[in-house]
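# Survey of secondary and tertiary structure
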Protein chains: 2
Amino acid sequence: MSTATSKRELDHPAREEIRLETVLHALSDPVRMRVVRELAAAEGELSCSDFDLPVTKSTTTHHFRVLRESGVIRQVYRGTAKMNGLRRTDLEELFPGLFDRILEAAGLQGARLGG
Amino acid sequence: MSTATSKRELDHPAREEIRLETVLHALSDPVRMRVVRELAAAEGELSCSDFDLPVTKSTTTHHFRVLRESGVIRQVYRGTAKMNGLRRTDLEELFPGLFDRILEAAGLQGARLGG
DNA sequence: GTCAAACTACGATGGTTCTCGTACAATGGA
DNA sequence: TCCATTGTACGAGAACCATCGTAGTTTGAC
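Overview of the structure. None of these values were measured; they are calculated from a predicted model. (Residues numbered from 1 in each chain as written. Chains lettered and ligands numbered in written order. Predicted model: local features only at pLDDT ≥ 70, side-chain atom pairs only at ≥ 80, totals over all residues. Heavy atoms only, no water.)

### A look at the protein's contact with DNA strand D
Close to DNA strand D lie 24 residues, the nearest being T61 and K82 of chain A together with R32, H62 and H63 of chain B. The sugar-phosphate backbone supplies 70% of the atoms of DNA strand D found within 4 Å of the protein. The separation between a phosphate oxygen of DNA strand D and a polar side-chain atom of T59 of chain B is 2.9 Å. Contacts to DNA strand D include H63 of chain B, whose side-chain N or O atom sits 2.2 Å from a phosphate oxygen. Residue assignment for the surface near DNA strand D shows that the elements contributing at least two residues are α4 (57–70) and β3 (81–86) of chain A together with α4 (57–70) of chain B. Its residues assigned to classes, the surface near DNA strand D shows four nonpolar, 13 polar and seven charged. (Near = heavy atom within 4 Å. Polar contact = N/O pair within 3.5 Å; in protein donor to acceptor, adjacent residues only side chain to side chain. Helix = DSSP H or I, 4+ residues; strand = E, 2+ residues; numbered from the N terminus. Nonpolar A, V, L, I, M, F, W, Y, C, P; charged D, E, K, R; others polar.)

Shown next, in the form of structure tokens:
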């Protein structure tokens, strides 16, 4: 039916609604940081099941929702899959250079600690 | 007595022990972000009571401890006062450019939202 | 020695978060 | 239509966190 599609549209914060503290909090969880780094490395969209995370499916859903509601990622349904992409343009506009530095820092720390 | 001084020495993580996720978490609280911004603006050390925070003294103690244990600030006693300073060198060495971008992002958001 | 100032320790409370399991819904293909 | 795939909703538990009040410690000045 036609109303079914409305249920499949996901709430995202507008660019101006994205808050720095919320973004930092979203990135302060190791599982979510890992998701973000994989998304950045993929340079495109990935479905939730493309990730091999050390948590169950429902916990995965939770983490993706936190990332979406913080404004870090954009999620859209594509068939049964849900595709995820970083909101790089929005973040770059709001917080110039920040996201790249965070990714770089995560990479350096990963190299240092063997992550 | 001489052992009394040991009680006044505060535990700090060594540079190599500082974790990105922990730093981001420390900065994801509005009160702590405010402290960090004031410290950055002061360009020197400030005592805990130099801050006019919207929380009680015991909550203030809590926030300063989180910042210290995350590696963002260094705290040292000076008489009855406890002086606070940013660990800019350590952070810059670990995560080049990150801290400046975060401060810049906080400034931009403050200007945008009137904070 | 006395006292005020600065900060801490402790316990409590209310809220949030991370995690899971189970049951369910939507989609696309056979 | 039936089914496998993909992800959600809901409830629950454990842990964590921000906040407070009260009582206490440490220091320096008088």
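Let's pick the thread back up.
### What to know about the pairing of strand β3 (residues 81–86) of chain B
All names here are of chain B. For β3, the tally of buried residues reaches five of six residues, placing the bulk of the element in the interior. With two bridges joining them, strand β1 (residues 46–47) and β3 adopt antiparallel strand pairing. Opposite S47, over in β3, you have M83 as the bridge partner. If you look at the hairpin formed by strand β2 (residues 73–78) and β3, you'll find two residues sitting between the two strands, and G79 has a positive phi there, around 70 degrees. (Buried < 20%, exposed > 50% of the residue type's maximum accessible area, 1.4 Å probe, protein only. Pairing = 2+ DSSP bridges.)

### What about the relation of the copies chain B and chain A?
Between the two copies, chain B and chain A, the superposition gives an RMSD of 0.0 Å; the rotation angle is 180 degrees and the shift along the axis is 0.0 Å. Read as a symmetry element, the transformation amounts to a two-fold axis. Comparing interface residues between copies, 96% of those in chain B also lie at the interface in chain A; the contact surface is shared. (Least-squares fit on C-alpha atoms with pLDDT ≥ 70 in both. Contact = heavy atoms within 4.5 Å.)

### Brief notes about the packing of helix α6 (residues 98–113) of chain A against helix α6 (residues 98–113) of chain B
At their nearest, the axes of α6 of chain A and α6 of chain B sit 9 Å apart, and the two run at 150 degrees to each other. Compared by their axis directions, α6 of chain A and α6 of chain B come out roughly antiparallel. Here α6 of chain A runs over α6 of chain B; the crossing is left-handed. For the pair α6 of chain A and α6 of chain B, contact is made by L98, R101, I102 and A105 of chain A and by L98, R101, I102 and A105 of chain B, respectively. Its residues assigned to classes, the contact of α6 of chain A with α6 of chain B shows six nonpolar, no polar and two charged. (Axes fitted to C-alpha atoms, helices over the stretch in contact; angles between N-to-C directions. Parallel < 35°, antiparallel > 145°, perpendicular 65-115°, else oblique. Left-handed = near helix turned anticlockwise from the far one by under 90°.)

### Section: the sheet that holds strand β1 (residues 46–47) of chain A
Residue and element names in this part refer to chain A. With antiparallel pairing, three strands are arranged side by side in an open sheet as β1-β3-β2. Only two strands of the sheet have a single partner each, and these edge strands are β1 and β2 (73–78). The sheet contacts of helix α3 (residues 30–42) involve β1, β2 and β3, and relative to β3 the element is tilted by about 80 degrees. Relative to the sheet, α4 contacts β2 and β3, its axis offset from that of β2 by approximately 120 degrees.

### Focus: empty space enclosed by the protein
Residues and elements named next belong to chain A. For the structure on display, the rule yields one cavity of 30 Å³ or more. Taken as a whole, the largest cavity encloses approximately 30 Å³ of empty space. Considering the residues around the largest cavity, the lining is formed by V23, L91, F95, L98, F99 and I102. Top contributing element to the lining of the largest cavity by residue count: α6, with three residues. (1 Å grid on protein atoms, 1.4 Å probe; cavity = no way out; pocket = protein on both sides within 12 Å on 5 of 7 lines; lining within 4 Å. Points joined across faces, edges and corners; volume = space filled by probe spheres on them.)

### Topic: unusual backbone geometry
Of note, the phi angle at E43 of chain A is positive, near 60 degrees, even though the residue is not glycine. Within the element layout of this structure, E43 of chain A appears in the loop between α3 and β1.

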